[in-house]
Amino acid sequence: MSTAGVRTKREAQAARGRYGRVGQIIGEIDDRLGVAKGGRTFLDKIFPDHWSFMLGEIALYSFIVLIATGIFLTLYYVPSQTLSVYHGSYAPLRGQKVTAAYASTVDLSLSVRAGLLMRQMHHWAADIFIGAIVIHMARIFFTGAFRKPRELNWTIGLTLLVLSLANGFIGYSLPDDLISGTGLRIMYSIILSIPFVGSYLAFWLFGGNYPGTLIIPRLYIVHVLILPAILAGLIGAHLFLLVRQKHTQFPGKGRTEGNVVGSPMYPTFMAKTTGYLFMITGVITVLGGLAQINPIWQFGQYQADKISYAVQPDWYMGWLDGAMRIMPSWEFAGWGHTIPFVVLLPAVVFPGMIFTLCYAWPAIERKFTGDNAIHHLLDRPRDRPKRTAAGAAMIALMFTLLGASATDVLANFFHVSLNEVLWTFRVLVFVVPIVAGLFTWRICLEMQGGGADIGKRKRAVVMTRSATGEYRTVETEAQPDDEHEELPPIPVPVHIEVGAGDTDGEEVGVRTVPR
Amino acid sequence: MSQDTELEAAMDADLPLPATSLDDPHLREAVRNPEGAERAIAWFFVLGVIGVALFGAAYVQNWRPFTLGLSLGLGLFFLGLGITAWGKYLMPQGPFSEARHALHSARAEREAIAAALVERTGVVVKRRRVLLGLLGSGMGIFGIVALFPLLRSLGPLPGLTLTKTNWRRGSLLVDSNGRAIHVEALEPGGIVTVFPAGFESNDQTVAVDQTVLIRAGTTAIVTEKGRSTWAPAGYIAYSKLCTHAGCPVGLYEKLLRLLVCPCHQSMFNIDDGAVPEFGPAPRPLPQLPLYIDRAGFLRAQSGYDQPVGPGYYERTTT
Ligand code: HEM
Ligand code: FES
């Protein structure tokens, strides 16, 4: 080594060791934090290659978009119900009395550069976020991924869904426009309907009788700080458990209860998932730019004595609205008290039961099957006909209720009386889930008879006719990617050796073996 | 021994680590034509770069949200498509495997933690029962006291506010601009939202005071027994708060003589005391008794004879 500090490049590299600067930095970090082993295990973490594992990623990435666009909105939105005369840039509103919340949302939409894009992206991301959570949950359910040891993550996931529904509803209320205000009014009445404590809860939440002046500022801090912080924490816990317990996987060649087969975190999965992040953000951005959503400047300021004809919540609240519409008008009144079952049952008791059932499902199933074993291999839905039927019935119920939230639209569209539509839904809400459940159960049993290679890629078959008129079929030769599917899994290799002919010149850190 | 555990043993013992050659089929690209895939991905990246650059221009020029969203969205989408395709087609697909280690700890470890909890609690903590009791009651009382701010700081107690409106005997009916309603003001079939004079622009109380005034005819209308004087000169007034979930009952079907709530389609017949004819509303809308003063203006004979709006537990039934 030359002493004058003039080292050749090669000498400098040699001094750092085989992996150059990267190796040196890792050494320094590992001296202090001891993370080399864990880090390497993380890079080797295996992600099963199945499209259904991507649903959770869609939810995660739309949450990231929600936070990014939400922060932008906080810079302009003013959470206050203080009324003043509007002097902003939107001409039709000038001279009217508006709240700061409404005026700031109108202005952020119409005069802040890219403001409308951000606001619409935020709203679209919320709709996609909740949709992705629901579909993700369906895949966990139907494949039995919630079974021991993953019950806790099922619980966390459900809590994420409940809190996201709440945050979506709250966000929808923030602009203080005519439609969102009506939603809040209904929510107040729903809280009021709870026996014994309802009126106290409603007064504490709203700071007094409806509407009060506090609800928007209170909902704001819940929407931008409290619930997002809880959501972020729970998402962290969700992913931590995922890493700790590792992924489930579908049964298949080389896949056992004792391993996970797929592609490694680095580089394959990292590339794929970063791409998804960009694509999902891209889709939300296109929607935010092209597809108008919640044009609040057209609805007008919320006023307690005004109402719009098209009262309509976001899609994920539709099932509750539907339940409220088809409920018979029962109310108990006596002994100086009133219990409005017409609101209490569909809007409090019913969703409570649905979510309790979801939370309890892993325990319920364990009790009925007596199965307390650890499961890492997933079920095919058809192999668990009862569970699959139950899930199908639940989905059918939800969609029927969603349909019931459009009774008036349907009556107009089909030119039938509202009463007929109402009674149709009162019947359907019982019939459709039962039929869907039985039908699914039957189909599962039928499908169980099918071959094991359902869903696998089939090899092409070539059919030839000989001169004598004889037909013969021959399977084509295996293609490289068929063959690929057949390979037995190996651990992620630590070193990759490059044949002498594969590189031009020497590369630092790559072992070269003679061919 | 599985391959994975072999690997770990080798690492622990500092042995030379297993290697794979680049020819291993596990490392091969997942497409038959890697060059073609590379070219396609390059094009995706080019489109992505164009998209985001265009967004920059659109932002500087302050173009419409349409252009902003389209350029940025497609730009990000194509960048993402390129990255994903790179990962999916040109990076090793394996299949690779990772060993799953049993999650549970050794039996001795389980015993040790159980012993620590049970034995230390039994031997060290439980002996001081008095201390435990005192600490427990302190915590318990704090738990209850901590609820107080929640109970009394967050909002007032409901009291009678839910029951009371500002309608009094003699209240002058005014519209939202404060104009009193003269008996000649509405044609038959006309409808207006009214408030007690002095409260028409209080955005807190209009929520409960709001009342619909309909001119349903030209002579007194009796909507129910005992209400013979309530609707003079064809003017009927009902609370505008739906008895279902409190939406303003904002639609009037003149021909059917129905008040309709747009929220869940409750329909109230104005001629027979606003009894709900359809929909989830469980109760009629309360009727406000009216009279015409000497100057010909509409006034309330009294307040509502029952609480307005949706039901709640303390709502009295008499
Ligand atoms: C679970 C996550 C979230 C959901 C489901 C959600 C949903 C929504 C929805 C549906 C709206 C109504 C948008 C509209 O007017 O059309 C909204 C508004 C708003 N959100 Fe969020 N959001 C979430 C997280 C956040 C975060 C993390 C922030 C800020 C850090 C934020 C800030 C805002 C602000 C300031 C508004 C009011 C302005 C406006 O309405 O345009 N949000 N949110
Ligand atoms: S609030 Fe009027 S029908 Fe529901």
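(A) Representation of the overall build of chain A. Along the backbone of chain A there are 18 helices and eleven strands. Taking 515 residues into account, the globule formula puts the C-alpha radius of gyration at 24 Å, and chain A, at 30 Å, lies well above it. Here the C-alpha coordinates of chain A stretch approximately 90 × 80 × 55 Å along the principal axes. By the burial criterion, 48% of the 515 residues in chain A qualify as buried. Intrachain contacts of chain A at a sequence separation of at least 6 include 72% that bridge at least 24 residues. Of the roughly 25,900 Å² that chain A leaves accessible, carbon and sulfur atoms contribute 66%. If you average the places of the 44 positive and of the 38 negative side-chain charges in chain A, the two averages end up 4 Å apart.

(B) Spatial organisation of the pattern of salt bridges. Residues and elements named next belong to chain A. For the structure on display, the rule yields 17 salt bridges over all chains. Here D44 ties to R40 by a salt bridge, and the two come within 2.4 Å at their closest N and O atoms. The partner of E151 in a salt bridge is R366, with the nearest N and O atoms 2.5 Å apart. Of the two residues, E151 sits in helix α7 (residues 151-173) while R366 sits in helix α14 (residues 341-369), which places them 215 residues apart along the sequence. Given a relative accessible area of 32%, R366 falls into the partly exposed group. Within the structure, one salt-bridge network assembled from shared partners comprises R147, E365, D379, R384 and R387.

(C) Spotlight on the interface of chain B and chain A. Counting residues at the interface gives 96 residues for chain B and 112 residues for chain A. Overall, the association of chain B and chain A removes approximately 9,000 Å² of surface from exposure, summing both partners, and the carbon and sulfur fraction of that is 63%. Ranking the residues of chain B by area buried against chain A places E98, R100 and Y313 of chain B at the top, with a combined share of 11%. There are one salt bridge connecting chain B and chain A. Its salt-bridge partner being E331 of chain A, residue R283 of chain B comes within 2.6 Å of it at the nearest N-O pair. Where chain B touches chain A, the interface holds 32 residue pairs in polar contact (both at pLDDT 80 or more). Contributing elements (two or more residues each) for the side of chain B that touches chain A: α1 (3-12), β1 (19-21), α2 (34-61), α3 (65-90), β2 (96-99), α5 (129-153), β4 (191-196) and α6 (206-209) of chain B. Ranked by the residues each element gives to the side of chain B that touches chain A, the list is headed by α3 of chain B, at 17 residues. Sheet analysis places strand β4 (residues 259-264) of chain A next to β2 of chain B, joined by four bridges and oriented antiparallel. From the neighbouring strand, V260 of chain A faces β2 of chain B, where its bridge partner is E98 of chain B.

(D) How the structure looks around the domain arrangement of chain A. All names here are of chain A. When the domains of chain A are assigned, the result is domain 1 (3-46) and domain 2 (48-379). Measuring from the centre of the C-alpha atoms in domain 1 to the corresponding centre in domain 2 gives 45 Å. Of the roughly 700 Å² buried at the junction of domain 1 and domain 2 (both faces included), carbon and sulfur atoms supply 69%. Taken together, the links from domain 1 to domain 2 amount to zero salt bridges. Taken together, domain 1 and domain 2 are joined by three residue pairs in polar contact (both at pLDDT 80 or more).

(E) Inspection of the sheet that holds strand β9 (residues 267-269) of chain B at higher detail. Residues and elements named next belong to chain B. A sheet is described by the order of its strands in space; here four strands give the open sequence β7-β8-β9-β10, paired in antiparallel fashion. With partners counted over all chains shown, the strands left at the sheet margins are β7 (251-253) and β10 (275-278), one partner each. On average, adjacent strands in this sheet sit at an angle of 35 degrees to one another, irrespective of strand direction. Bridge analysis of β9 against β10 gives three bridges, and the strand direction is antiparallel. By the bridge assignment, N269 is partnered in β10 with V275.

(F) Examining the site of ligand 1 more closely. All names here are of chain A. In the neighbourhood of ligand 1, 24 residues make up the surrounding shell, with R119, H122, H123, H223 and N294 lying closest. Here an oxygen atom of ligand 1 and a side-chain polar atom of R119 are 3.1 Å apart. A distance of 2.8 Å separates a nitrogen atom of ligand 1 from a polar side-chain atom of H122. Counting only elements with at least two residues in the shell around ligand 1, the list comes to α4 (55-74), α6 (115-142), α7 and α10 (215-245). Tallied by class, residues from the shell around ligand 1 come to 13 nonpolar, ten polar and one charged.

(G) Structural context of the state of the cysteines. Under the criterion given, the structure shown has one disulfide over all chains. Here C247 of chain B connects covalently by a disulfide to C263 of chain B, the sulfurs 2.0 Å from one another. With the S-S dihedral at roughly -85 degrees, the linkage between C247 of chain B and C263 of chain B falls on the left-handed side. Remark: C263 of chain B occurs in the loop between β8 (258-260) and β9 and C247 of chain B occurs in the loop between β6 (235-239) and β7; sequence separation between them is 16 residues. Across this residue pair, the class does not change: C247 of chain B and C263 of chain B are buried. We note that C444 of chain A lacks a disulfide partner, and the nearest cysteine sulfur, in C358 of chain A, lies 19 Å from it. What makes C444 of chain A buried here is its relative accessible area of 5%.

(H) The sheet that holds strand β1 (residues 46-47) of chain A, seen in detail. One open sheet accounts for four strands, arranged β1(A)-β4(A)-β2(B)-β9(A); its pairing is mixed. Edge positions in the open sheet fall to β1 and β9 (490-491) of chain A, since each of these has one partner strand only. Sheet analysis places β9 of chain A next to β2 of chain B, joined by two bridges and oriented parallel. By the bridge assignment for β2 of chain B, I490 of chain A is matched with F96 of chain B. Across the face of the sheet, helix α11 (residues 265-290) of chain A comes into contact with β1 and β4 of chain A while running at roughly 70 degrees to β4 of chain A.

(I) Fine view of helix α9 (residues 198-206) of chain A. Of all the residues in α9 of chain A, the buried ones are G198, S199, A202, F203, W204 and F206 of chain A. Buried residues along α9 of chain A sit against α8 (178-192) and α10 of chain A together with α5 of chain B. Residue G207 of chain A follows α9 of chain A closely and has a positive phi angle near 70 degrees.

(J) A look at the environment of S104 of chain A. Residues and elements named next belong to chain A. Position of S104 relative to the elements: it lies in helix α5 (residues 100-110). Taking C-alpha positions, S104 is 9.1 Å from G88, a pair spaced 16 residues apart along the chain. Not counting residues within four places of it along the chain, the set of residues in contact with S104 comprises Y76, Y77 and V78.

(K) How the structure looks around the environment of T213 of chain A. Mapped onto the fold, T213 of chain A is located in the loop between α9 and α10. Here T213 of chain A falls in the partly exposed class, since its relative accessible area comes to 48%. Along the sequence, T213 of chain A and T82 of chain A sit 131 residues apart, while their C-alpha atoms lie 7.6 Å from each other. With near-sequence residues (within four places) excluded, T213 of chain A lies in contact with Q81 of chain A together with Q204 of chain B.

Calculation criteria
Residues numbered from 1 in each chain as written. Chains lettered and ligands numbered in written order. Predicted model: local features only at pLDDT ≥ 70, side-chain atom pairs only at ≥ 80, totals over all residues. Heavy atoms only, no water. Helix = DSSP H or I, 4+ residues; strand = E, 2+ residues; numbered from the N terminus. Rg over C-alpha atoms; globule rule 2.2 N^0.38 Å. Buried < 20%, exposed > 50% of the residue type's maximum accessible area, 1.4 Å probe, protein only. Contact = heavy atoms within 4.5 Å. Areas by Shrake-Rupley, 256 points an atom, 1.4 Å probe, with all protein chains shown as cover. Lys, Arg positive; Asp, Glu negative; His and termini not counted. Charge placed at Lys NZ, Arg CZ, Asp CG, Glu CD. Salt bridge = Lys/Arg side-chain N within 4 Å of Asp/Glu carboxyl O. Buried area = accessible area lost by both parts, 1.4 Å probe. Polar contact = N/O pair within 3.5 Å; in protein donor to acceptor, adjacent residues only side chain to side chain. Pairing = 2+ DSSP bridges. Domains from an automatic or database assignment. Axes fitted to C-alpha atoms, helices over the stretch in contact; angles between N-to-C directions. Near = heavy atom within 4 Å. Nonpolar A, V, L, I, M, F, W, Y, C, P; charged D, E, K, R; others polar. Disulfide = S-S within 2.5 Å.

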